[in-house]
Amino acid sequence: MDLRQHLEEELEKDFQLLKQYENEKRNENDPGLRNRLENRIQSIKQVIEKRQEELNKLPKSSPNSSSNQSFSQDLGFGVKLEMVYIPGGTFYMGAPKTEEESLDYERPQHYVTVKPFYMGKYTITQEQWEKVVYSCPPVARELNSRPAYFPGDKLPVERVSWNDAVEFCARLSHKTGQKYRLPSEAEWEYACRAGSAKPFACGDTITTNVVNYDGNFTYGNAPKGEYRGRTTPVGTFQPNVFGLYDMHGNVWEWCADTWHDSYEDAPNDGSAWISETNQNARLLRGGSWDLNPGNCRSAVRYFINLGYYYGNIGFRVVCSGAART
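Residues numbered from 1 in each chain as written. Predicted model: local features only at pLDDT ≥ 70, side-chain atom pairs only at ≥ 80, totals over all residues. Heavy atoms only, no water.

## As for the overall build of the protein
Inference 1: On a plain count of helices and strands, the protein comes out with five helices and 11 strands.
Inference 2: Computed over the C-alpha atoms, the radius of gyration of the protein is 21 Å, within 12% of the 20 Å expected from 2.2 N^0.38 for a compact globule of 325 residues.
Inference 3: Principal-axis analysis of the C-alpha atoms gives the protein an extent of 65 × 50 × 40 Å.
Inference 4: Scored against the burial criterion, the 325 residues of the protein give a buried share of 53%.
Inference 5: Expressed as a percentage of contacts within the protein between residues at least 6 apart in sequence, the contacts between residues at least 24 apart total 72%.
Inference 6: On the protein, the mean spot of the 38 positive side-chain charges and the mean spot of the 43 negative ones are 3 Å from each other. (Helix = DSSP H or I, 4+ residues; strand = E, 2+ residues; numbered from the N terminus. Rg over C-alpha atoms; globule rule 2.2 N^0.38 Å. Buried < 20%, exposed > 50% of the residue type's maximum accessible area, 1.4 Å probe, protein only. Contact = heavy atoms within 4.5 Å. Lys, Arg positive; Asp, Glu negative; His and termini not counted. Charge placed at Lys NZ, Arg CZ, Asp CG, Glu CD.)

## Describing the nonpolar core
Inference 1: Membership of the largest hydrophobic core comes to 33 residues, with the highest contact counts inside it found for Trp129, Trp254, Phe315 and Val317.
Inference 2: Among the elements of the structure, strand S1 (71–76), strand S2 (79–86), helix H3 (126–135), helix H4 (162–176) and strand S7 (252–258) are those that each provide at least two residues to this core.
Inference 3: At five residues, H4 tops the list of elements feeding residues into this core.
Inference 4: Those residues in contact with Val317 that sit more than four places away from it in its chain are Leu81, Met83, Tyr118, Met119, Gly120, Ile124, Phe168, Cys169, Leu172, Tyr180 and Arg181. (Core = buried A, V, L, I, M, F, W, Y, C linked by side-chain atoms within 4.5 Å.)

## Details of the sheet that holds strand S6 (residues 180–181)
Inference 1: With respect to topology, five strands assemble into an open sheet ordered S1-S2-S5-S11-S6, the strand pairing being antiparallel. Two strands in the sheet have a free side with no partner beyond their single neighbour: S1 and S6.
Inference 2: Sheet strands in contact with H3 are S1 and S2, and its direction is about 110° off that of S2. (Pairing = 2+ DSSP bridges. Axes fitted to C-alpha atoms, helices over the stretch in contact; angles between N-to-C directions.)

## A word on the packing of H3 against H4
Inference 1: It is at 10 Å that the axes of H3 and H4 come closest, and there the two elements cross at 70°. Overall, the two elements H3 and H4 adopt an arrangement that is roughly perpendicular. In this structure, the crossing between H3 and H4 has a hand that is left-handed. Only Asp164, Phe168, Arg171, Leu172 and Lys175 of H4 make contact with H3, whose side of the interface consists of Gln128, Trp129, Val132, Val133 and Ser135. (Parallel < 35°, antiparallel > 145°, perpendicular 65-115°, else oblique. Left-handed = near helix turned anticlockwise from the far one by under 90°.)

## Some words on the sheet that holds strand S9 (residues 301–305)
Inference 1: Here four strands make up an open sheet; going across it, the order is S9-S8-S7-S10 and the pairing mixed. Two strands close off the open sheet at either side, each with one partner strand: S9 and strand S10 (313–314).
Inference 2: Strand direction decides the pairing type here: S7 and strand S8 (residues 281–285), joined by three bridges, are antiparallel. Note that in S8 the partner of Glu253 across the bridge is Arg285.

## Quick look at H3
Inference 1: Burial within H3 is extensive, with 10 of its 10 residues counted as buried.
Inference 2: Turning to H3, its buried residues are Gln126, Glu127, Gln128, Trp129, Glu130, Lys131, Val132, Val133, Tyr134 and Ser135.

## Structural notes on H4
Inference 1: For H4, spanning 15 residues, the distance from its first C-alpha to its last is 21 Å, which sits close to the expected 21 Å at 1.5 Å a residue.
Inference 2: In terms of burial, H4 is largely enclosed, as 11 of its 15 residues are buried.
Inference 3: Regarding H4, the residues found buried are Trp162, Asp164, Ala165, Glu167, Phe168, Cys169, Arg171, Leu172, Ser173, Lys175 and Thr176.
Inference 4: Put simply, Ser161 is the residue that caps the front of H4, since its side-chain oxygen is 3.4 Å from the backbone nitrogen of Asn163.
Inference 5: Trailing H4 by a residue or two, Gly177 shows a phi angle of about 80°, which is positive. (Expected span 1.5 Å × (residues − 1). Polar contact = N/O pair within 3.5 Å; in protein donor to acceptor, adjacent residues only side chain to side chain.)

See below:
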């Protein structure tokens, strides 16, 4: 057994012990016992931090920059973060006035040239979130290891604020040695469309056989469908042409940009559009499980305060630290 494998196995035991203590504390009403359990929790966290520091000193795997292929980032303990290579290109961002249910703040349509980047195949799952939160010390803020309203390892993490998502990216960057961040709004729409100029990556409409949304509502000529009333495991439905899953529906996804009520004067280089006067309003994209299909279109934009969190908001990450050719 090599050193990396040994440390990872020991860390896995530490994580299980930490979960046990946290569950016992959550169900314990006696203040004295709760204090003792809290002391054990803090002690095991220190052990985890020390082991993680040892693990971080070992050589890290990197994406293959020569071939620009998708790669899998090892988070340890059998948990992977799959990153998809998104080739650069130029696309027409926004929605035409003829698009059903489109709004003026999705316009004016404009050409944007996006550089190549790597994007998460799925939204961040609860097991990925938990492993990074437990194994990396805080960078700027504490994080709840289990924030989701709908629990499940393969379900998207939700009930995370923009601030939480940014903190996760910082910890993930520290853990892996790669530079992870939230996507810009332009990168997100480019990746979502995957070459399509239609309302959805798959065409003019969607059904609940291909997207998780409120099937009591319809878009275009599609029939009514199922309303699941909750998130679905990542990878449940078919990916788009780029190989990305759930870009429509399931959970809203945070982007780096601040909110602007139109695309007037928007950058055309794919970068995040950050206002100096509107820092608290941050972008959401993609729609969610509890919304109608019109709110899951490629061009849909929404915003909310960066400190808010709900059971229909998650995120996926972009890696910009991998070399590009």
